[in-house]
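As a plain string of letters, each chain reads:
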Amino acid sequence: MLRRAPSPGALRRERRAILKAREQRIRDLGGLTLEMYRRSSFRDELLIEQCREIVALEERLHELDSMLSAVASARRAPGTCDCGAPVPWGSHFCANCGRPVGAEPVVACEGCGHPLPADASFCASCGRPAAASGEEPGSAVHAGVAGEELEHPPDPWEV
């Protein structure tokens, strides 16, 4: 099961928190080293442990920076539709063929989530009737087989 990547805002918040923690750890390491010098009692394993924690924070910062740069470049670069036409970022439909584009199509089957053309009467994937304008979910068109549940609750990790 695929999980969605965190939002750029969440990545930036995590990056700021890690930067603050890193600065604090570096200050603590300096104070610890100074105190060890004053007492003429160096504990190498303690210094190494503190340095490893700082390096781990720096590695996570590098990961966050690469994810943020990937998000920024993906937003600037146009995608392509199944028909091969370029689709500018933020578009919901292909200008060439009219198919819905993006991770979550604007027009999709309520049962399986398969993208639907605007004039579709039935889903090509699961065969469910497409919602007509003005109909409420739960009406006869959406009822399907008696006792069948139409939607599963959304997975919190997929949101």
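Conventions we followed
Residues numbered from 1 in each chain as written. Predicted model: local features only at pLDDT ≥ 70, side-chain atom pairs only at ≥ 80, totals over all residues. Heavy atoms only, no water. Salt bridge = Lys/Arg side-chain N within 4 Å of Asp/Glu carboxyl O. Helix = DSSP H or I, 4+ residues; strand = E, 2+ residues; numbered from the N terminus. Buried < 20%, exposed > 50% of the residue type's maximum accessible area, 1.4 Å probe, protein only. Patch = residues over 30% accessible without salt bridge, like charges linked within 9 Å, V, L, I, M, F, W, Y side chains within 5 Å. Areas by Shrake-Rupley, 256 points an atom, 1.4 Å probe, with all protein chains shown as cover. Lys, Arg positive; Asp, Glu negative; His and termini not counted. Charge placed at Lys NZ, Arg CZ, Asp CG, Glu CD. pLDDT = per-residue confidence, 0-100. Contact = heavy atoms within 4.5 Å.

Digging into the pattern of salt bridges
Argument step 1. The tally for this structure, following the rule as stated, stands at nine salt bridges.
Argument step 2. Glu14 is the partner of Arg60 in a salt bridge, and the nearest nitrogen-oxygen pair spans 2.9 Å. Of this pair, Arg60 sits in helix H2 (residues 44-76) while Glu14 sits in helix H1 (residues 8-39), placing them 46 residues apart in sequence.
Argument step 3. By relative accessible area, which is 30% here, Glu14 ends up partly exposed.
Argument step 4. The shortest N-O distance in the salt bridge between Glu63 and Arg60 comes to 2.8 Å. Of the two residues, Glu63 and Arg60 are both situated in helix H2; the distance of three residues between them amounts to about one turn of the helix.
Argument step 5. What makes Glu63 partly exposed here is its relative accessible area of 41%.
Argument step 6. Shared partners join several salt bridges into a network, and the residues in it are Glu14, Arg60 and Glu63.

Some words on a positive patch on the surface
Argument step 1. Taken together, the side chains of Arg12, Arg13, Arg16 and Lys20 define a basic patch exposed on the protein surface.
Argument step 2. Looking at the element boundaries, Arg13 is found in helix H1.

Some points on the confidence of the model for the chain
Argument step 1. Averaged over every residue, the pLDDT of the chain is 77; the share at 70 or more is 69%.
Argument step 2. Averaged pLDDT values over the elements of the chain bottom out at 42 in helix H3 (residues 140-143) and peak at 93 in H1.
Argument step 3. Ignoring residues within four places in sequence, the model shows residues 133-147, a span with pLDDT below 50, making 12 contacts including any to other chains.

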